[in-house]
Amino acid sequence: MGYQQDIFKAAKCTLPWKKLSGKSLLITGATGLIGGAIVDVLMNRPTIDFNVYALGRNKDRFKSLFDKYSNIDNLHFLEQDVTKPMQGDMTFHYIIHAASGANPMEYATNPVGVMKTNILGTINLMDYGLQHHLEKFLLVSSGEVYGEGNGNVFTENYSGYVDCNSVRACYPSSKRAAETLCASYASQYGVDINIVRPSHIYGPYFTESDNRVYAQFIRNVLRGDDIVMKSTGEQFRSWCYVVDCVSAILYIVLKGKSGEAYNVADNNSNINIKSLAEMIAEIGGRKVLIEQPSAI
């Protein structure tokens, strides 16, 4: 079953969709992997009696992804950087904040920008929502908030460990801060919030600049190249297909208990990096080569 068929199936799942009737939804990061799939599912509902506002910074990418819905009046594009305060008087009853610098390259090249997106983005969206009849706010956080694993399964009440004095911590630390902001707005202002913590998400619409390992491996194979690894790839990761992740997000939007955080993962998709590379290489008829870095 292909991506589009999976979207159709997710759009028809049994949920209290009537909650969205007559409402306006704001999806940030709408041209990203998760945000884009959320838009796809919503636009494939049998009845679209709500408005979806897809927020992003690249109108051309929006058109390339969603031109197939150009005949649907319920989809709108908003060009906005979430680190800047939002202007206007439009009401968004539901806000799904999926904008984030999830590209590992940015952790090294733009760590301040990563933190601003996660922290200022949450503040700006919350403040705007409070002034414009917000009913529900969902933060797409990350399983990285758990930091370094101890070999045990992560549960939602596990606090984990993150070395705050490292540049790499820009992502998990700012996601943690965004979660605390959500809890604080809920406590101080009565905002109905939910937090989702996806594991490593994969899907078809990654960008050319995306250097997450699965995207690199797929690009290698599509170019007809072997996959060259610079390590033995023993790192063990939990993966989740993007449509499954979005199905969980929409379930939580419509049925989640206010104030709760939820892990989103697939117990059948736990695999180390080497095994992932070998699986992708086999599909593409290529090989996996391991080149250990030269000692200096």
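Right, let's walk through the structure included here. (Residues numbered from 1 in each chain as written. Predicted model: local features only at pLDDT ≥ 70, side-chain atom pairs only at ≥ 80, totals over all residues. Heavy atoms only, no water.)

Section: the overall build of the protein
Point 1. Broken down by element type, the protein carries 9 helices and 12 strands.
Point 2. The C-alpha atoms of the protein give a radius of gyration of 19 Å, which matches the 19 Å a tight globule of 296 residues would have.
Point 3. By its C-alpha atoms, the protein is 60 × 45 × 35 Å across when sized along the principal axes.
Point 4. Taking all 296 residues of the protein together, the buried fraction comes to 47%.
Point 5. Put simply, of all contacts in the protein between residues at least 6 apart along the chain, 78% involve residues at least 24 apart.
Point 6. When the accessible surface of the protein is summed, it comes to about 14,900 Å², and 50% of that surface belongs to carbon and sulfur atoms. (Helix = DSSP H or I, 4+ residues; strand = E, 2+ residues; numbered from the N terminus. Rg over C-alpha atoms; globule rule 2.2 N^0.38 Å. Buried < 20%, exposed > 50% of the residue type's maximum accessible area, 1.4 Å probe, protein only. Contact = heavy atoms within 4.5 Å. Areas by Shrake-Rupley, 256 points an atom, 1.4 Å probe, with all protein chains shown as cover.)

Let's talk about the pattern of salt bridges
Point 1. Under the definition given, this model contains 7 salt bridges.
Point 2. One salt bridge in this structure joins Arg168 and Glu144, with 3.0 Å as the shortest N-O distance. Note that Arg168 is positioned in the loop between β5 (136–140) and α6 (170–189) and Glu144 in the loop between β5 and α6, a separation of 24 residues in sequence.
Point 3. On the basis of relative accessibility, which here comes to 21%, the residue Glu144 falls in the partly exposed class.
Point 4. The partner of Glu179 in a salt bridge is Arg197, with the nearest N and O atoms 2.7 Å apart. Of the two residues, Glu179 is situated in helix α6 and Arg197 in strand β6 (residues 193–198); the sequence distance between them amounts to 18 residues.
Point 5. Given the relative accessible area of 10%, Arg197 is considered buried. (Salt bridge = Lys/Arg side-chain N within 4 Å of Asp/Glu carboxyl O.)

What to know about the packing of helix α1 (residues 3–11) against helix α8 (residues 242–255)
Point 1. Orientation of α1 relative to α8, taken along the N-to-C sense of each, is 15 degrees, at an axis distance of 10 Å. By the angle between their directions, the pair α1 and α8 is classed as roughly parallel. Judged by the sense of rotation from one axis to the other, the crossing of α1 with α8 is right-handed. Two secondary-structure elements touch here, α1 through Tyr3, Asp6, Ile7 and Ala10 and α8 through Val242, Val243 and Ser247.
Point 2. Along the lines of polarity and charge, the residues of the contact of α1 with α8 split into 5 nonpolar, 1 polar and 1 charged. (Axes fitted to C-alpha atoms, helices over the stretch in contact; angles between N-to-C directions. Parallel < 35°, antiparallel > 145°, perpendicular 65-115°, else oblique. Left-handed = near helix turned anticlockwise from the far one by under 90°. Nonpolar A, V, L, I, M, F, W, Y, C, P; charged D, E, K, R; others polar.)

Description of the side chain of Ser142
Point 1. Tracing the sequence through the fold places Ser142 in the loop between β5 and α6.
Point 2. A polar atom in the side chain of Ser142 sits 2.9 Å from the backbone nitrogen of Glu144.
Point 3. Residues in contact with Ser142, not counting those within four places in the same chain, are Tyr171, Lys175, Val196, Arg197 and Pro198. (Polar contact = N/O pair within 3.5 Å; in protein donor to acceptor, adjacent residues only side chain to side chain.)

Let's talk about the packing of helix α7 (residues 213–222) against helix α9 (residues 273–283)
Point 1. The interhelical angle for the contact between α7 and α9, taken along N-to-C directions, is 30 degrees, at an axis separation of 10 Å. The orientation of α7 with respect to α9, classified from their angle, is roughly parallel. α7 and α9 meet at a crossing whose hand is right-handed. Between α7 and α9, the contacting residues are Val213, Tyr214, Phe217, Ile218 and Val221 on the first element and Ile273, Leu276, Ala277, Ile280 and Ala281 on the second.
Point 2. Among the residues forming the contact of α7 with α9, the class breakdown is 10 nonpolar, no polar and no charged.

Topic: helix α2 (residues 33–43)
Point 1. Where burial is concerned, most of α2 is hidden: 11 out of the 11 residues are buried.
Point 2. Among the residues making up α2, those that are buried are Leu33, Ile34, Gly35, Gly36, Ala37, Ile38, Val39, Asp40, Val41, Leu42 and Met43.

Worth remembering: the numbers are spatial, not functional.
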